[in-house]
Amino acid sequence: MAGVALVTGAGSGIGRASALALLADGWRVALIGRRGEALEETAALSGTGAGAAERALAAPCDVSDPAAVEAAFAATVTRFGRLDLLFNNAGANVAARPIDELTVEDWNTVISVNLHGAFLCARAAFARMRGQDPQGGRIINNGSISAHVPRPGSVPYTTSKHAITGLTRCLSLDGRPFNIACGQIDIGNAASEMTGKMAAGVTQADGSTRPEPLMDVGHIAQTVVQMANLPLESNVQFITIMATKMPFIGRG
């Protein structure tokens, strides 16, 4: 059911791969992110020829800025007429450290994007989906395996991802009267700019540092497309996709 999608964090990594997969599947896609050049590069990579200019909209936006978010969603609906899917993907992280070594700035950096930004985008999407005709749509929140089990020194990131699970559950409940479905994809060790260091070594629960397996972001992108293409009477509430041999099952 190709329709109109908005993908946050579409300038790189999981967001870029998912936006490209949706474009390849026939969706019209608004590409949201802070870096305009990166978004234009995503659009250029779509490989859809002349159709790319018609089906891709690069809309630079800081998801933690309420006015910028509203402007990006308004531009999407102005361009494409409606909104059928939000992939709430944009994320940030800081270097791992114990909570007493974290600065308030570190905390705010992560929470402002991962939680506040996700809230603002979900709020804007919900309003469009509720108000359009035909009514409804789907929101997919990018959680993390950290929504289940933390890594050492990950207070801001893990806290934000546990909160995303609460957001997903509330949106699923509150969206029912308006035909708005909400699900969550929890991802472990996708090869991206944020996870590149894992191949070299990452701190484990026992204090050791060991490399971890990674998986291709294309596998996440295809999962997002599968979730997006479900009819609205069906929903993947939670799904975990991870590098098969990463140390997640068995943590703790």
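Residues numbered from 1 in each chain as written. Predicted model: local features only at pLDDT ≥ 70, side-chain atom pairs only at ≥ 80, totals over all residues. Heavy atoms only, no water.

A. Inspection of the packing of aromatic side chains at higher detail. One pass over the structure, following the stated rule, counts one aromatic pair. Here Phe126 and Phe178 contribute two aromatic rings whose centre-to-centre distance is 5.9 Å and whose plane-to-plane angle is 80 degrees, an arrangement assigned as edge-to-face. In this pair, Phe126 is assigned in helix 5 (residues 104-131) and Phe178 in the loop between helix 6 (155-175) and strand 6 (180-188), connecting sequence segments 52 residues apart. The pair Phe126 / Phe178 is uniform in exposure class, with both members buried. (Phe/Tyr/Trp six-rings, centres within 6.5 Å; stacked < 30°, edge-to-face > 60°. Helix = DSSP H or I, 4+ residues; strand = E, 2+ residues; numbered from the N terminus. Buried < 20%, exposed > 50% of the residue type's maximum accessible area, 1.4 Å probe, protein only.)

B. Looking closely at the sheet that holds strand 2 (residues 28-33). On the basis of which strands lie adjacent, the open sheet formed by seven strands has the order 3-2-1-4-5-6-9 and parallel pairing. Looking at which strands have only one partner, the edges of the open sheet turn out to be strand 3 (56-60) and strand 9 (238-242). Ignoring which end each strand starts from, the neighbouring axes of this sheet average 15 degrees apart. Sheet topology places strand 4 (residues 85-88) next to strand 5 (residues 137-142); four bridges connect them, and they run parallel. (Pairing = 2+ DSSP bridges. Axes fitted to C-alpha atoms, helices over the stretch in contact; angles between N-to-C directions.)

C. Region of interest: the pattern of salt bridges. Counting across every chain of the model gives five salt bridges. Linking Arg34 and Asp62 is a salt bridge whose minimum nitrogen-to-oxygen distance equals 3.5 Å. Here the residue Arg34 occupies a position in the loop between strand 2 and helix 2 (36-44), and Asp62 occupies one in the loop between strand 3 and helix 4 (66-80), the gap between them amounting to 28 residues. A residue is classified by how much of its surface remains accessible, and Arg34, at 57% relative accessible area, is exposed. (Salt bridge = Lys/Arg side-chain N within 4 Å of Asp/Glu carboxyl O.)

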